[in-house]
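Summary of structural features
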Amino acid sequence: MLSVYKYIIKRSLLAIPTLLGVSMIIFGMLYLAPGGPVEVMMSSQPASAEQIQDIRQQLNLDEPIYVQYGDWAWDALHGELGRSWSITQGTAVNDLIIQRIPLTAELALLSMILAIAIGIPAGIIGAVYQDQIADHAARVVALSGISIPDFWLGIMLIVVFGVQFQISWASGSWIPLSESVTGNLKHLIFPVITLGTAYSGLIARMMRSEMLDALNGGYIRTAQAMGISNRTIVFRDAAKNAFIPVLTVIGIGLARLMNGALLTETVFNLPGIGQLLVTSIARRDYRVIQGIVLFVAVIFIVSNIIVDVLYAYLDPRIRLSGGD
Amino acid sequence: MFYMHILIHEYVYQEGTKMGSVSPDSEADQNKSTTAQRSLLQQFWKNYKNNYLSIAGGAIILLLVLMALLAPILAPHSPYEQFETSDDSKFHPAEPGTEIILTNGDGDIVEQTTAYLGTDNVGRDILSRLLYGLRTTLVIGLSVVITSLVIGSLAGAIAGFYQDSWIDNAIMRVMDVIFPFPSIVLAIALLGVVGIGETTYSLPILGTVAVPNTAKIILVISVVYIPRFARVMRGAVVTEMEEDYIDALRTIGASDFRILLSDVIVNTVPSVVIQGSLYVGTALLASAGLSFLGLGIQPPQASLGLMLSNSRDYVYSGEWWFSVFPGLLIAITILGFNLLGDGLRDALDPRYQGEQ
Amino acid sequence: MLLILVTKESNRLMTEKILEVDNLTTSFDTEEGTVRAVNNISFSIEEGETMGIVGESGSGKSVTALSVMRLIESNGSIENGTIHYRGSNLLEKTESEIQSIRGSEISMVFQDTLDSLNPVYTIGTQINRVIRKHRDMDNKEAREETIRLLEQVGIPNAEERIDDYPHQFSGGMRQRALIAMAISCNPSVLIADEPTTALDVTIEAQIFEVLDKIQHETGMSIIVITHDLGVVAGVCDFVNVMYGGEIVEKSKTDDIFGDPQHPYTRGLLRSIPRIGKEEDRLRGIEGNVPNPAALPSGCTFHPRCPHATDECRQHDPSLQEVKRNHRAACIHIDGYKSLHKEDKEIIINDRKKGESDD
C-alpha cells in the first residue's frame, strides 16, 4: 500500500506546475482587457479620469503586474481570494463562494450519482445484449442524453411538470438543506434529472464500448472454459475491467457537469456558483471571476488527481508500477 | 503524461491511425503514403457505407445546412420585423397559427399573415427567427471547429514533429493548462477579457479594428477545443513519424518542413477531420449555452440559444411554443452531428463499431 | 529423419473412450455468408491418451476445441454431429449442465496472450474461484489447494506469488498458472490450445514436462492443438492433421512422421527445419490456407497440391484407411480405393525423390 501513497504524492507534485500556470493565466487574462479592467468595468456608467485613477489606486492596480499577481497568488495560497470590486464591493470572494457552494456541490453530486446509476447499467445491458432491442433502447436513451441540451431539457421539465401538471416543486425557489431536508431534495429533483441524464448518456456510451472490449478479452474465454457462470463473468470479470477506463470519463465529465450546473442553475433559478459567475461577468467583477475560475480549476485538478489515484488503485498494472 | 484521460485520448488516436499503415508492402517506400491513404479511404468507405444511422445523420445535417443557407427564401418574414396580432384579445408571445399583421406608421395594415409557429415576446415570427437562428448557430458551430482544428492541429503537428523537444513541451504544457476547464466556464472567463458585444480595438500597424461579437464568440469557444485537436494531432504525428517512409524521405534530402507539411499532415488529416465532426455537436451546445446565459449572441440577432434565453420568462405562463421549437431544433442539429461523427469515427476505427 | 522425434509408450490399458466426436460440423454466419469452419470431423480419445490436432491457422482446429467446450461464439453454431463425453452427448446438455462440466470434467488451457488472465484480479483469486465453483472447499482450503497447484505446475515461491497479479508473471509463469487453473478440479480431459506458442523453446519443453507429469499422476486425457509438428512429435500418441476444416490424415504419431500419406502432411513435414542439413532450403507449401468462406471444390487442398488432377478438383475424398490404423483423405494414395495408375506412379516417384533428398 506504500506505493499508493507514493503515487498520490507524485501525482500531487505533478499538479503544482499546472496550478501555477492556470493561476497565472487566470490572473493575467483579465488584465488583457482592452483599455484596462477598471475602464471596462466602468464603461456602462460615466466616470472621469480621476475617478478611474482613484479606483485603480484603491484596487492596487498601479503596481507592476507581477507584484499584483504575487500578492493575489500569495493570498490565494492562504485561501483568500480577495474582495469583490463591484456592487457587492468589499464582500470577500471567499464568502461569496462559500455561500453558494453547498447548492452547486449538492446539485453536482446528486446528478453524478444519478448519471452513474443510469449510465453504468445501461452500458452493461447494451453490451451484453449487443444489437438486440435492449441495446437499441439503451443507445437511443444515451444518444438523446448527449444530444438534448440540458438547459432545454430543464425548461421542458418545467413546461410539462411545473406548468401542465402544476407540480409546485418542479419549479420555484430553492430551500437550503439546513431548513428542510425533504423540501431541499424535492426542489432539486428536476435540476438533478436535467443534469444527470445528459451526463448519463456519456457514461453509458463509454461503458458500453468498454464492456464490448472487455467481453472480447481472453480472460472472459478462460473464465467460460472454467465453467464460471455468465452472470459472474459479466459483473465480476468484464464490468470491473470496463469500469476502470470509464472512471476517467467520469473525471472528464466533471467539466461537463460544471457546464451543466451553470446552465441548470440559470434555468431553475438556483443561487449557486454558476449564477454567481454569470452575474459577475455582467458586472465585470474581475476579482470574483478570478476567484471562481481559480476555484473551479483547483476542483478540477484535485478531482483529476482523485480519479487518477482511483484508477491506479483499481488497476494493479498502474498501481504496482508506480504510475508511469 | 499528466492526465490519465490524455493517455486514453492518444491511445484511441493511435489505434485509429494504425489503419493507415496497413498497405501492401510491395509498394516502393516513396509511394507508401499515397497507397496507405488510398487503402485507408477504401477501408473507410467499406466500413462506413452500411451505417445507415450515420448516413441519416449526414442527411439531417445537409437538410439543416440547406435550410440555413436558404433562410432568406424559406423564411416567411424578416427575423426582425415586429408584428401585431390582428385579434386584440391576443398578446405576444402569440400561439402558433395566430393571425398577425404589420402596420406602417399611419396605422394602415401593410401585411396580413399567419405565424405558423407563433410569435416571440416582441411579436417576431418564430419560424423566421428559427431559420435565421439556425444560420447563426451553424456558422458558429462550424467556425469554432474549423478554427480550433486548424490552430490545434498545427500546434499538435509541430509538437509531435519535434517530439520531446522544448517546443513540444512548451506547446503541450500550455494545452495541459487549458484542457481541464469546463468549456463554458473558460469561454465566460475569456469573454471577461474581450468583453461582450462589438469592440473596437486600436492596434499598432492595423489601426482600429472592429471585432464583431460573433467573431469573439467563435474565438473564445475555439480556445476550448484547441487542446483537444492538438493532442489528437500530436498523437497521430508521433505514430506517423515512426513509419519507415519518413526515414526514406530524409535520406533523399527532403526538408523537415516538406516532410511535415506534404507527408505527415496529409496522412493524419482524415483522422483529425473526423475528430472534428465529433466536436461540432459539443461546440454548438457550448455556443447555445453561452447565448442562453445572455453572454453569447446579443439581441436583436437571431440565435437558437438566445431565443431560448428570451423564452425563459414565459415558461411559467404556459407559452410553450416559444421554448419548445428553438430547443428542438438545437437538439436535432446536435443529434445529426453526433450520428454523423460517430459513424465516421466507427468507420475509421472499427474498435468502436456499433457505439452509438 | 526428424531430430526431435520422440516415441512415447503408453503402458496403460486403453479401453474406455472418454470423449467421442462424431461428424462434427460447426459453421459461422459472417458477412461473407455461412462459413463452415469445421466440416464433418470425427475423432475419439481414451483415458490417459494424448492426442494432437495439428494444422495451420484457419484450419479449424481451434473451432474444434471450442465446439467440444460448447464455447462457440454467438454467430456460430454446431450444425451437425455428436460429442459424447463418458457416454452422454454434450450437445444435449443445458447451459448450466455444461457449465458444471466445463473446468471440472473437461477443461481447457488457452495460448497465453496478455489478457488470458483477468488483469484486475490476483492469480490466486482467479484459481480459487474455479476450485470453489466445482469443489466443496471453503476459502481457506481453496487457497491451500491453489498454492499446491501452483507448486505442482512449477511456480517457485507459490505461497507468495499467489497474490501477484498476472502482469507480474512472465509469459511462461502465466501459462503455468493457466494450466494450474485448468487442472484445479481434476478434469478427465484437458484441451490445450497452442499452449506454448508464445513461449520460447526451453520454456515450451518445461510446460510439456509439467503436463506430462500431471497426466501420469492423474491419468487425464490431453488434446493438444498446435500448428507445430515438433510439439506433436514430442508429446502426442495420436495425431489428426486438419486442413480446410477437415481431418485429412490421422494415425499414431510414429506412423505420421515415419510414413506420411497425405501430400499436405508431407508438405508440413518438409517445412520443418532440420539441423545438419545446411544446403537444404526450407521448403514450405506453396500458396495459402483457403478462405473458409470460399473453399475450393473437390479436395480442399488441390490448389496447393503438386499432384492435383481433374478428379481432385471434382471429387472430395473421404478419410479412408490406407494402411493399418492409418487413415488419410487423398485419392492419390496406395490403398485408396479410386486410385489411378499413373498418379500412383507420380506419387511413388515423388516419394522416392523425397527419401533420397533426406
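Small disclaimer: the values here were computed from a predicted structure and weren't measured.

Attention now moves to the overall build of chain A. Assigned secondary structure in chain A consists of 13 helices and zero strands. Reading the helices (α) and strands (β) of chain A from amino to carboxyl end gives α-α-α-α-α-α-α-α-α-α-α-α-α. Expressed as a percentage of the 324 residues in chain A, the buried residues total 48%. Put simply, 73% of the contacts in chain A that link residues at least 6 apart link residues at least 24 apart.

In this section: the pairing of strand E1 (residues 17-30) of chain C. All names here are of chain C. As defined by bridge partners, E1 adjoins strand E2 (residues 33-46) across ten bridges and the pair is classed as antiparallel. Bridge pairing in E2 places valine 21 opposite phenylalanine 43. Between the antiparallel neighbours E1 and E2 lie two residues. Pairing geometry for E1 and strand E4 (residues 76-85), over eight bridges, is antiparallel. Residue pairing in the sheet places threonine 25 in a bridge with asparagine 80 of E4.

What follows is about the sheet that holds E4(C). Strand pairs in the sheet, formed through backbone hydrogen bonds, run parallel or antiparallel to each other. Residue and element names in this part refer to chain C. In spatial order, the strands read E2-E1-E4-E5; together these four strands make up an open sheet with antiparallel pairing. Unpaired on one side and paired on the other, E2 and strand E5 (88-89) mark the two borders of the sheet. Its contacts with the sheet place helix H1 (residues 61-69) against E1, E2 and E4, and it is angled at close to 70 degrees to E2.

With that out of the way, let us pick up the confidence of the model for chain C. All names here are of chain C. On average, chain C scores 83 in pLDDT, and the residues at 70 or more come to 86%. In this model, residues 1-14 is a region of pLDDT below 50 whose contacts with residues beyond four sequence positions or in other chains number 22 contacts. Note on the complex model: pTM 0.78, ipTM 0.81.

In this section: the domain arrangement of chain A. Residues and elements named next belong to chain A. In terms of domain boundaries, chain A breaks down into domain 1 (2-93) and domain 2 (101-314). On the domain 2 side, the residues contacting the 25 residues of domain 1 number 19 residues. Counting only elements with at least two residues in the side of domain 1 that touches domain 2, the list comes to helix H1 (2-29) and helix H2 (37-42). Its residues assigned to classes, the side of domain 1 that touches domain 2 shows 17 nonpolar, six polar and two charged.

At the junction of the two partners, chain A supplies 19 residues and chain C supplies 26 residues. Broken down by secondary-structure element, the contributors of at least two residues to the side of chain A that touches chain C are helix H9 (218-225), helix H10 (230-267) and helix H13 (316-319) of chain A. If one sorts the elements of the side of chain A that touches chain C by residue count, H9(A) sits on top with six residues. Of the residues assigned to the side of chain A that touches chain C, the class counts are seven nonpolar, seven polar and five charged.

Moving on, we get to the nonpolar core. Generally speaking, soluble globular proteins have nonpolar side chains that are buried together. The biggest cluster of nonpolar side chains holds 270 residues, and the ones touching the most others in it are Ile203(A), Met211(A), Val185(B), Ala187(B), Ile191(C) and Ile223(C). For this core, the element with the highest residue contribution is H10(A), accounting for 18 residues. Excluding residues that lie within four positions of it along the chain, Val185(B) makes contacts with Met258(A), Leu262(A), Leu277(A), Val293(A) and Val296(A).

A few words on the pairing of strand E2 (residues 98-103) of chain B. Residue and element names in this part refer to chain B. Direction of pairing for strand E1 (residues 84-85) relative to E2: antiparallel, over a ladder of two bridges. Bridge pairing links glutamate 84 to isoleucine 101 in E2. The sheet contact formed by E2 and strand E3 (residues 109-115) spans six bridges and is antiparallel. Within the sheet, the bridge partner assigned to threonine 103 lies in E3 and is isoleucine 109. The hairpin turn running from E2 into E3, its antiparallel successor, is five residues long, and glycine 107 in that turn takes a positive phi close to 85 degrees.

All names here are of chain C. Each assigned domain of chain C is listed here: domain 1 (18-236) and domain 2 (261-357). Contact with domain 1, which involves eleven residues of that partner, is made by six residues of domain 2. Of the residues that constitute the side of domain 1 that touches domain 2, the class distribution is three nonpolar, five polar and three charged.

Attention shifts here to the packing of helix H6 (residues 171-182) of chain C against helix H7 (residues 201-218) of chain C. Residue and element names in this part refer to chain C. Across the interface, H6 lies against H7 with an axial gap of 10 Å and an inter-helix angle of 15 degrees. By the criterion of interaxial angle, the relationship of H6 to H7 is roughly parallel. The interaxial crossing formed by H6 with H7 has right-handed handedness. Residues Gly172, Gln175, Arg176 and Ile179 of H6 pack against Ile203, Ile207, Val210 and Leu211 of H7.

Thresholds, definitions, all that
- Residues numbered from 1 in each chain as written.
- Chains lettered and ligands numbered in written order.
- Predicted model: local features only at pLDDT ≥ 70, side-chain atom pairs only at ≥ 80, totals over all residues.
- Helix = DSSP H or I, 4+ residues; strand = E, 2+ residues; numbered from the N terminus.
- Buried ≥ 20, exposed ≤ 12 C-beta atoms within 10 Å, placed from the backbone.
- Contact = placed C-beta atoms within 7 Å.
- Pairing = 2+ DSSP bridges.
- Axes fitted to C-alpha atoms, helices over the stretch in contact; angles between N-to-C directions.
- pLDDT = per-residue confidence, 0-100.
- Domains from an automatic or database assignment.
- Nonpolar A, V, L, I, M, F, W, Y, C, P; charged D, E, K, R; others polar.
- Core = buried A, V, L, I, M, F, W, Y, C linked by C-beta atoms within 7 Å.
- Parallel < 35°, antiparallel > 145°, perpendicular 65-115°, else oblique.
- Left-handed = near helix turned anticlockwise from the far one by under 90°.

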